[in-house]
Structure formats: structure tokens, C-alpha cells
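# Close look at the chain arrangement
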Amino acid sequence: MDDQSIPTPAPEKSAVERAIEFGVDVTLLIENLRYSPTERLRRGEKIMKSMVAFKREVDRARKLQTSEK
Amino acid sequence: MNPTDVEAILIHLDAGQVEFVVIGGVAALAHGSARVTFDVDVCYRRTRENVDRLCKTLDPLKPNLRGAPEGLLFKFDVNTVLSGLNFTLVTDLGDLDLLGEVAGLGEYDAVENAAEILPLYGRSMKVITIEGLLKAKRAAGRRKDQEAIVELEALLEMQQKQKPTT
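All residue numbers refer to positions counted from 1 along the written sequence of the respective chain. Chains and ligands are labelled sequentially in the order written, the chains with letters from A and the ligands with numbers from 1. Totals for whole chains, interfaces and linings use all residues, but because this is a predicted model, local features are given only for residues with pLDDT of at least 70 and pairs of side-chain atoms are given and counted only at 80 or more.

### Side note on the overall build of chain A
This is how it is decided: For helices the rule is a DSSP run of H or I covering at least 4 residues; for strands it is a run of E covering at least 2, with both sets numbered from the N terminus onward. Taken over C-alpha atoms, the radius of gyration is set against a globule rule of 2.2 Å times the number of residues to the power 0.38. Exposure criterion: with C-beta atoms placed from backbone coordinates, a residue whose C-beta has 20 or more other C-beta atoms within 10 Å is buried, one with 12 or fewer is exposed, and one in between is partly exposed.
Across its full length, chain A holds three helices and zero strands. When its helices and strands are written in sequence order, chain A yields α-α-α. Here chain A has a C-alpha radius of gyration of 23 Å; the compact-globule value for 69 residues is 11 Å, and the former is much larger. A total of 69 residues make up chain A; the buried ones form 14% of that total.

### Structural notes on the pairing of strand β8 (residues 115-120) of chain B
Residue and element names in this part refer to chain B. The line we're drawing: Two strands pair if DSSP finds at least two bridges between them.
Strand direction decides the pairing type here: β8 and strand β9 (residues 123-128), joined by six bridges, are antiparallel. Looking at the pairing, P119 lines up with S124 of β9. Linkage of β8 to β9, two consecutive antiparallel strands, is achieved through a turn of two residues, within which Y121 is found at a positive phi near 55 degrees.

### Description of the interface of chain B and chain A
Operational definition: Contact between residues is assigned whenever the C-beta positions, reconstructed from backbone atoms, fall within 7 Å. Just so you know the grouping, Ala, Val, Leu, Ile, Met, Phe, Trp, Tyr, Cys and Pro go in nonpolar, Asp, Glu, Lys and Arg go in charged, and all remaining residues, Gly too, go in polar.
The interface is formed by 25 residues belonging to chain B together with 24 residues belonging to chain A. In terms of residues, the side of chain B that touches chain A owes the most to one element, helix α7 (residues 146-162) of chain B, which gives nine residues. Residue composition of the side of chain B that touches chain A, by class: 18 nonpolar, two polar and five charged.

### Notes on α7 of chain B
Residue and element names in this part refer to chain B. As a reminder of what qualifies: Expected span of a helix, by definition, is 1.5 Å for each gap between consecutive residues, and there is one gap fewer than residues. This arc describes the spread of directions from the helix axis toward the C-beta atoms.
Helix length check: α7, at 17 residues, gives a terminal C-alpha distance of 25 Å against a target of 24 Å (1.5 Å per residue), a fit within 8%. Residues of α7 that are buried include every one of E151, L152, A154 and L155, and no others. In an axial view of α7, the angular spread of the buried residues amounts to 165 degrees, which keeps them on one side of the axis. Every exposed residue of α7 that faces more than 90 degrees away from the buried side is listed here: Q146, Q160 and K161.

### Section: the confidence of the model for chain A
Which entries qualify depends on this criterion: As a per-residue quantity, pLDDT reports the predictor's confidence and falls between 0 and 100.
Residues at a pLDDT of 70 or more form 94% of chain A, whose mean pLDDT is 88. Looking across chain A, the model is least confident in helix α3 (residues 37-68) of chain A, with a mean pLDDT of 91, and most confident in helix α1 (residues 15-22) of chain A, with 96.

### Topic: the packing of α1 of chain A against α7 of chain B
Stated formally: Interaxial angle, 0 to 180 degrees, is taken between N-to-C directions of lines fitted to C-alpha atoms, where a helix line uses only the stretch in contact. Take the far helix as the reference: if the near one is turned anticlockwise from it by less than a right angle, the crossing is left-handed, and if turned clockwise, right-handed.
Two elements in contact, α1 of chain A and α7 of chain B, have axes separated by 8 Å at closest approach and are oriented at 150 degrees. Regarding α1 of chain A and α7 of chain B, the two cross each other, and that crossing is left-handed. Side by side, α1 of chain A and α7 of chain B meet where A15, V16, R18, A19 and F22 of chain A of the first sit next to E147, V150, E151, E153, A154, L156, E157 and M158 of chain B of the second. In the contact of α1 of chain A with α7 of chain B, the residues fall into eight nonpolar, no polar and five charged.

### Here's the deal with the pairing of strand β1 (residues 20-23) of chain B
All names here are of chain B. Neither face of β1 is exposed, since F20 and V22 on one face and V21 and I23 on the opposite face are all buried. Bridge analysis of β1 against strand β2 (residues 40-44) gives four bridges, and the strand direction is antiparallel. Counted as the bridge partner of F20 is Y44 from β2.

Structure below.
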């Protein structure tokens, strides 16, 4: 029997590989793991606060745009 | 919309000696997730003593039901909490979700068993493990959790690789 005719099962993908395929930016996870849990929360909170501030700014600009029309 | 002060809420609950486990997005963030969350989710123990502590601790933060119609009377007290189970609240420190039980895990004791103690803000707080988060998210079966599940699985694998082998 020809060995080459036996299909070799593809090696199972690691969770990290699956995440990359899914579109998860694994570099962010690697970066986060360098910090302590408290630092991770503080960094997350900082991002959240800047996103809220950004949304507020967008809302303000939209309102201004509407009132100028 | 005011941003939620995660640090202040958790320290406030801990200082009030409330028995709780940090769950949800904040727990994921503490484990290394890169997904931003806008509220704090905790599972609380539903004994009268703990619910009493919870109500007294949250009272100064003026808890109210999030998204409730204006003028709706809501009194956050022991009877209200014991008659309900899960509460989505808005407080002076931001959004806080209180869960009496978690899908896939169960009530407080089961959630506590799926938690680990993490050093947070100079204190020791109970935070659900990545494995616990995965159980809860798989049980919830929500489409929006699919990316979170894949991310948590990757984090778990990365953390396991980081652990020194004996």
C-alpha cells in the first residue's frame, strides 16, 4: 500500500491560532499579560473613559451640525 | 453617559465587606482581555446579612434601575433584593450589574468555587477564573460572546504556557 495515499490528519490548531483566524488581535493579549491585574483594569478603564469622551464629542458635533442645517 | 469608575465601585463594595465575585467583562479584563467593558458585573451572596451589607454600601451611591422610565419608584433595600435576583443598576459611580446567579455555574457558592483571589487595587478580591468565564459564556450561548470565547481560550492557553512546569 502506498503510504502517500493515506491522508494525514491536519494537526489540531492551538487556541491562539484559532483566535488569530477569528480576527482577534493577539498582540493586544500578549501586551496585556505583561501587566498586573490592577494595571490591566486601569488601562482598560482609561480606554473606556476616552471612548466615552470621544462618543460625547461625536454627539456634540452631530448636534451642532444638525442645528446649523 | 458617564464612564463607570470600575476601581471606585470595587473598592467601595470591598470596603463595605460585601461578599461578591467579580465576573463578566471586568473579570476578563483582569485576566488580560483586550475587550473594553462599560459596566461592572458582580455575583453577590444572597444571604440576608450580605444583602443588608450590599444595600447599606450602595445606598450612598443612589442606585437606580438602569433604563427605567423616569419617575418610576425604586427602592433598593433588602426586601427588593431578596424578592428579585439580578439587577442592572446605575449608580453615582457608574453602571453596576448585580447577579444572584450566573448561567452555566449557578448561585454564589458555585461562582465562588470558580473564582480565584487576585490582588486588585491593593486588596484581595475574588475574581471568576478564565475557565469559569468560559463556562458562563458557553452556557449563555449568545452570538455576541463568540469572539470573547475565542479570546478567552487563547488567553487561557497563553497563561498555561507561562506557568512554570514542576
